[in-house]
Amino acid sequence: MKRRHQYAAAALLTALSGNALTASPAAAAPAPVAGTGTVVTDGTPLNIRSAPSASGLRTGTVAHGATVSLVCKTAGQFIRGTVKNTGYWDRLSDNTYISDAYVDRGSADLPRCTTTTPLPAVSGSWMLPVTAGLISDFRTPQRPTHDGVDLAAKRNTAIRSVSSGTVVTAECNVSKGSCDKDGGPKILGCGWYVEVLHPGNIVTRYCHLVRRPAVTVGQTVARGTILGYVGTSGNSSGPHLHFEVHIGAPATRANAFSPIAFMKTRGLTFGAA
């Protein structure tokens, strides 16, 4: 583990030097919670979907009996559930959905949803981690030690696992201080970061999260699972996602691979900022 920390710090020592990123004066916040409910199923977990439909991408699950925080409700696929039969789906704060047919909200009502943030692009078993433009490339002449790409996502944007796999790292990596506050160019390391090991011995790394990752080491994640949220912890001059791909495990500088080239072979392209 110590070797990986040293690598991450060294790899990002100059990660944002000369970059025009600045901290956002009006940082985006998660959608406000309008109410809560209790998940009631036959005892099995309730699927969380990317859209108000059973055909939407499954991004996670909620356990039977769990209390959920709800933002709003929207019309979608009609579901016959354990609580009610309804076409309404409840939106969570990260713009994912659970069927209201399995949620006991008592007599409380929810406001209707207005706009939503679409999921990042999906192609087959892969997807982009965020919907955001590219602001810094992989190992440019100006930044030869930059072992990933920087994506201009706003603070608190959900970061999604680009494919299914197992979480192998979810921790703080800074040369001094805490990951629970904004970093800066003089601080080394990824800040709060996550690594996921995918089939084929491929590792993806996600750096500079705003707070402790939403996943834990050893956890199995599906494509689209939220790993955490964009921030600027560690060696960072402003909110963004630093994203790496490694062909081999554990992730090292020697097996770092261009995320742009990797995703392109899977039918996915990062847009311009």
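The rules behind the values
- Residues numbered from 1 in each chain as written.
- Predicted model: local features only at pLDDT ≥ 70, side-chain atom pairs only at ≥ 80, totals over all residues.
- Heavy atoms only, no water.
- Helix = DSSP H or I, 4+ residues; strand = E, 2+ residues; numbered from the N terminus.
- Buried < 20%, exposed > 50% of the residue type's maximum accessible area, 1.4 Å probe, protein only.
- Contact = heavy atoms within 4.5 Å.
- Areas by Shrake-Rupley, 256 points an atom, 1.4 Å probe, with all protein chains shown as cover.
- Polar contact = N/O pair within 3.5 Å; in protein donor to acceptor, adjacent residues only side chain to side chain.
- Pairing = 2+ DSSP bridges.
- pLDDT = per-residue confidence, 0-100.
- Core = buried A, V, L, I, M, F, W, Y, C linked by side-chain atoms within 4.5 Å.
- Phe/Tyr/Trp six-rings, centres within 6.5 Å; stacked < 30°, edge-to-face > 60°.
- Lys NZ or Arg CZ within 6 Å of the ring centre and 35° of its normal.
- Salt bridge = Lys/Arg side-chain N within 4 Å of Asp/Glu carboxyl O.

### Considerations on the overall build of the protein
Within the protein, the regular secondary structure consists of two helices and 20 strands. Considering the protein as a whole, with its 273 residues, one finds that 51% of them fall into the buried category. By sequence separation, contacts in the protein at least 24 residues apart represent 64% of the contacts at least 6 residues apart. Counting every atom, the protein has about 12,100 Å² of accessible surface; 54% of that belongs to carbon and sulfur.

### Section: the side chain of S233
Its location among the elements puts S233 in the loop between β18 (226-229) and β19 (241-247). Polar contacts involving the side chain of S233 include one to the main-chain carbonyl oxygen of L209, which spans 2.7 Å. If sequence neighbours within four positions are ignored, S233 has contacts with C179, K181, G183, C190, G191, W192, H208 and L209.

### Details of the sheet that holds strand β1 (residues 35-39)
On the basis of which strands lie adjacent, the open sheet formed by three strands has the order β4-β1-β8 and antiparallel pairing. Whereas interior strands pair on both sides, the edge strands pair on one side only; in this sheet they are β4 (67-70) and β8 (103-104). Pairing of β1 with β4 involves four bridges; the strand directions are antiparallel. Residue pairing in the sheet places T36 in a bridge with S69 of β4.

### Points about the pairing of β1
Of the two faces of β1, the one lined by G35, G37 and V39 is fully buried and the one lined by T36 and T38 carries no buried residue. Relative to β8, β1 runs antiparallel, the two sharing two bridges. Considered in β8, the bridge of T38 is made with D104.

### Considerations on the confidence of the model for the protein
Residue-level pLDDT values for the protein average 86, and 87% of them are 70 or greater. Confidence drops under a pLDDT of 50 for residues 1-29, and excluding neighbours within four residues, the segment shows 75 contacts in the predicted structure.

### Examining the nonpolar core
Residues V130, L151, V194, Y206, L241, F243 and M263 are the most contacted members of the largest nonpolar core, which totals 31 residues. When contributions to this core are tallied by element, the ones reaching two or more residues are β12 (149-151), β14 (165-173), β15 (191-198), β16 (202-209), β19 and α2 (259-264). Beyond its immediate chain neighbours, meaning those up to four positions away, L241 contacts P129, V130, V149, D150, L151, I159, Y206, C207 and V230. Membership of the second largest hydrophobic core comes to ten residues, among which are L46, I48, L70 and L110.

### Description of the packing of aromatic side chains
For the coordinates displayed, the defined rule picks out three aromatic pairs. Note on W126 and F262: the rings are 5.1 Å apart at their centroids and 80 degrees apart in plane angle, and the pair reads as edge-to-face. Placement of W126 in strand β10 (residues 126-127) and of F262 in helix α2 is noted, with a sequence separation of 136 residues between them. Here W126 and F262 have matching classes, each one buried. Considering the side-chain rings of Y206 and F243, the 5.4 Å spacing of their centres and the 45 degrees angle between planes classify their relative orientation as tilted. Taken as a pair, Y206 in strand β16 and F243 in strand β19 lie far apart in primary sequence, 37 residues in all. Here the two residues Y206 and F243 agree in accessibility, since each one is buried. By the ring-pair criterion, three or more aromatic residues cluster together here, those being Y206, F243 and F270. Looking at R266, its charged tip hangs above the ring of W126, at a distance of 5.2 Å from the centre. A cation over a ring is seen here: R266 above F262, with NZ or CZ 3.6 Å from the ring centre.

### A word on the pattern of salt bridges
With the rule as written, the count across this model stands at ten salt bridges. Measuring nitrogen to oxygen at the nearest pair gives 3.2 Å for the salt bridge that ties R205 to E244. With R205 in strand β16 and E244 in strand β19, this pair connects stretches of sequence that are 39 residues apart. Judged by its relative accessible area of 0%, E244 falls in the buried class. Because the salt bridges share partners, they merge into one network encompassing K73, K84, D100, R105 and D109.

### Structural notes on the environment of T265
For T265, the location among the structural elements is in the segment after α2. The exposure class of T265 is exposed, given its relative accessible area of 62%. Within the structure, the side chain of T265 is placed 2.7 Å from the side chain of R266, a separation counted as a polar contact.

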